[in-house]
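Structural features, examined
Listed below are the residues making up each chain.
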Amino acid sequence: MNINVRFAPSPTGYLHVGGLRTALYNYLFAKQHKGNLVLRIEDTDQSRKVDGAIDNLIESLNKCGIIFDKGPTEYSTDNLFIQSNRLSIYHEHVTYLLENNYAYACFDDDFLQYRDKSYNKEQLIDTSYHVRLKIPNNELTVKDEIRGDIKFDLSLIDDPVILKTDQFPTYHLANVIDDHDMDISHVIRGEEWLPSTPIHVVLYDYFQWELPVFIHLPLLLNPDKSKLSKRQGHVSVDEFLNEGYLPEALINFIALLGWNPKNNNEIFSINELIEQFNIKNIQKSGAVFDINKLNWMNGEYLKDIQAESIVSLCKIIFEKHNFTIEDNTDFIKIINFAKQRSHTIADMVEQTTPFFVDPSYNVEYRDLLLDKQSKRLFSLLLEQVAVLNNIEESEIKEIISNLSMEIHVKGKELFFPIRLALWGDVHGPDIGLIIKILGKEKTLARLNKALKYG
Ligand code: GLU
C-alpha cells in the first residue's frame, strides 16, 4: 500500500501549535513509511481567508523543518493544491450527487421542503441556491485507528451544506474529494474533526470510494484542562520562534503532546522521532501543553547547541531588545555564557543585560559597596585597567590574582565586590569575561561609579 498523507490547514491566520503537531505527525508517519506528505490549502471559506496567511503557514512549517513532497511552496493562483483553484472539480462532483439524488438544491433556508424534490438542472440557471447532502437515517460506524469503532446516529445530523450560494464548496465536500483525488491513504487530523467524519463517510459511500484510515489526534489542553487557548499563553508557532525557542526543541516538545515513546527518553532528534514514532502509541485523552516542560526542553537544547549556529537568531532577538551587536567574537562569548543558564533566547537577553546597559546595584549588597576594603579593591583595579592597551581575559585574571595577593583577600571577598561594581550583582559571568566584553572605557566608568557610591 502506498502511504500518502496530508496536512490541510485553512489560511485563516498563523500556524497554531496544534496545527504544527498535526503537520508533524503526518510528516513523521510519511517519512517512516517512505510515503508522501501533501500540503493542501483549504480556503473554501473565503470570508475567513487572511491575506498572506498561506505564505506565512509555509514559512513557519519550513522553519520547523517540515518539508512537503507535494503542494504549494508559496501562494499561487494556479496551484492545484489550493482549493479555491479547484472549483470546477467540486462542481462536477456536485452534479453527480444531484443527478443521483444524493444531494439537493435549496433556494431558501427551509431545506426540508427541497429534500424529496427531484433534480432539475434548468432550475439552477440564473438563480441563487445552495446544495445540501442527504444524510440517511441509519446508524453508522466510523473506525478510528486510535479510538476503535465509533457509532453515530445519522438521524441526529442535519443535511449539511456542501455547495454554498457563492458556488464554493464547504469543507466537507472539498476535503473528501481532495483526499480521494490526492490518493490519501491515512487521514491524520485533530479530534475536533471527528464529528465531521460520519458526513465524510456518507460522501465516500455515495461516490463509492474506498475509505482512508482515520486517525484523530487528542485535543491540546491548558494546564487547567480547558481547550488550549490564546488567553493562557502563546499558541502561534511564530510567537514561540520569535521569542527564541529553537525549532528543534519545539518539534521535540510538540511530538510528545499526545504520543508516548514508551520509554523514559524525552529528548529526540527529528531522525529519532521518524524512527520511533508509532501511531499505535497515540493517546486518546487530551494532552496538556505544559510551558514549563517546553522551557526545560529548550534549555537542554540551548546547552548542547554550538553558539556559532545560533548567532544570527540571537542577533535578531537581541537587536529587537535594542542591544546592538558590534563584535561577533564577543557576542559568541556572551552566547556561550548565557545559553548555559537560560530557557530561551529571550531569557539570554535578560541574563546578559549588564553587558549592554549600566546595571543598577542589587540593594541587598549595599553595604558591600560601602565597605572600605571594597573601595580599595575598586581603586587598585581601576589603576591597573587604566594602563592596559589591549584587554585580554588572561591578563585580567593575572591582574586579579596579583591584587588578591597584594591585599590578602580571595574567593567571595575578592569576587563579590568586583562583580557588584561591574555587573550590579555578586553573581554573574567570570570577571575576566565581563571586563573583556565591556572594554576599557566602560570598565573604568563602572569602577569609578562604584568607588563614588555612598
Ligand atoms: N481545513 C481543516 C483544518 O483547518 C482540515 C481538517 C482535516 O484535516 O480534515 O484543520
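Here we summarise the structure given alongside this text. (Residues numbered from 1 in each chain as written. Predicted model: local features only at pLDDT ≥ 70, side-chain atom pairs only at ≥ 80, totals over all residues. Heavy atoms only, no water.)

A look at the overall build of the protein
When helices and strands are tallied, the protein shows 17 helices and 11 strands. Dimensions along the principal axes, computed over C-alpha positions, put the protein at roughly 105 × 50 × 35 Å. Classification of the 454 residues of the protein by burial places 51% in the buried group. Contacts in the protein between residues far apart in sequence, at least 24 positions, make up 73% of those at least 6 positions apart. By element, 47% of the accessible surface of the protein is carried by carbon and sulfur atoms, the whole surface being about 22,200 Å². Mean positive and mean negative side-chain charge positions of the protein (48 and 65 charges, respectively) differ by 6 Å. (Helix = DSSP H or I, 4+ residues; strand = E, 2+ residues; numbered from the N terminus. Buried < 20%, exposed > 50% of the residue type's maximum accessible area, 1.4 Å probe, protein only. Contact = heavy atoms within 4.5 Å. Areas by Shrake-Rupley, 256 points an atom, 1.4 Å probe, with all protein chains shown as cover. Lys, Arg positive; Asp, Glu negative; His and termini not counted. Charge placed at Lys NZ, Arg CZ, Asp CG, Glu CD.)

Focus on the packing of aromatic side chains
On inspection of all chains with the given rule, the structure shows 21 aromatic pairs. Where F240 meets F289, the ring centres are 5.8 Å apart and the plane angle is 40 degrees; that geometry is what we call tilted. Taken together, the positions of F240 in helix 6 (residues 237-242) and F289 in the loop between strand 11 (287-288) and helix 9 (291-304) put the pair 49 residues apart, joining distant regions of the chain. The pair formed by F240 and F289 is uniform in burial state, with each residue classed as buried. Over the aromatic face of Y361 sits the side chain of K449, whose NZ or CZ is 4.9 Å from the ring centroid. (Phe/Tyr/Trp six-rings, centres within 6.5 Å; stacked < 30°, edge-to-face > 60°. Lys NZ or Arg CZ within 6 Å of the ring centre and 35° of its normal.)

Things to note about the site of the ligand
Neighbouring residues of the ligand: R6, A8, S10, E42, Y171, N175, R189 and W193. Interatomic distance of 2.7 Å between a side-chain N/O atom of E42 and a nitrogen atom of the ligand. Relative to its free-state accessible area of 300 Å², the ligand is covered by the protein chains to the extent of 84%. (Near = heavy atom within 4 Å. Polar contact = N/O pair within 3.5 Å; in protein donor to acceptor, adjacent residues only side chain to side chain.)

Re the nonpolar core
One finds L20, L61, I66, I254, F318 and L381 to be the most contacted residues of the largest nonpolar core, which totals 110 residues. Non-local contacts of L61, meaning those with residues more than four positions away in its chain, are made with F7, L15, L20, A23, L39, I66 and F68. In terms of nonpolar packing, the next biggest core, distinct from the first, is built from 38 residues, L98, A105, A174 and W209 among them. (Core = buried A, V, L, I, M, F, W, Y, C linked by side-chain atoms within 4.5 Å.)

Some points on the packing of helix 11 (residues 328-338) against helix 17 (residues 431-452)
Running from N to C, helix 11 and helix 17 cross one another at 145 degrees; their axes reach a closest spacing of 10 Å. Handedness of the helix 11/helix 17 crossing: left-handed. Residues D330, K333, I334 and F337 of helix 11 touch helix 17, and the partners they reach there are L433, K436 and I437. (Axes fitted to C-alpha atoms, helices over the stretch in contact; angles between N-to-C directions. Left-handed = near helix turned anticlockwise from the far one by under 90°.)

Observations concerning the environment of P72
The topology assignment puts P72 in the loop between helix 2 (53-63) and helix 3 (87-99). Distance in space between the C-alpha atoms of P72 and I82 is 7.4 Å, their sequence separation being 10 residues. Those residues in contact with P72 that lie beyond four places of it in its chain are L39, I41, I58, N79, F81 and I82.

Structural notes on helix 5 (residues 197-207)
The element helix 5 is largely enclosed, with a buried count of 10 among its 11 residues. Among all positions of helix 5, only T197, P198, I199, H200, V201, V202, L203, Y204, Y206 and F207 are buried. One or two positions beyond helix 5, positive phi appears at Q208, with a value near 60 degrees.

Structural notes on the environment of S196
Note on placement: S196 falls in the loop between strand 8 (186-190) and helix 5. Residue class for S196 comes out buried when judged on its relative accessible area of 11%. Those residues in contact with S196 that sit more than four places away from it in its chain are Y171 and H172.

Examining the sheet that holds strand 7 (residues 161-163)
What the three strands build is an open sheet, ordered 3-4-7; its pairing is antiparallel. Whereas interior strands pair on both sides, the edge strands pair on one side only; in this sheet they are strand 3 (103-106) and strand 7. Between one strand and the next, the sheet's axes are offset by a mean angle of 40 degrees, whatever the strand orientation. Across four bridges, strand 3 lies against strand 4 (residues 130-133) in antiparallel orientation. Bridge pairing in strand 4 links C106 to H130. (Pairing = 2+ DSSP bridges.)

Let's talk about the environment of L156
Along the polypeptide, L156 turns up in the loop between strand 6 (148-153) and strand 7. Taking relative accessible area as the criterion, L156 reaches 68% and is therefore assigned exposed. Sequence separation of L156 and V235 is 79 residues, and the distance between their C-alpha atoms is 34 Å.

Fair warning: the whole summary comes from geometry, so function is off the table for now.
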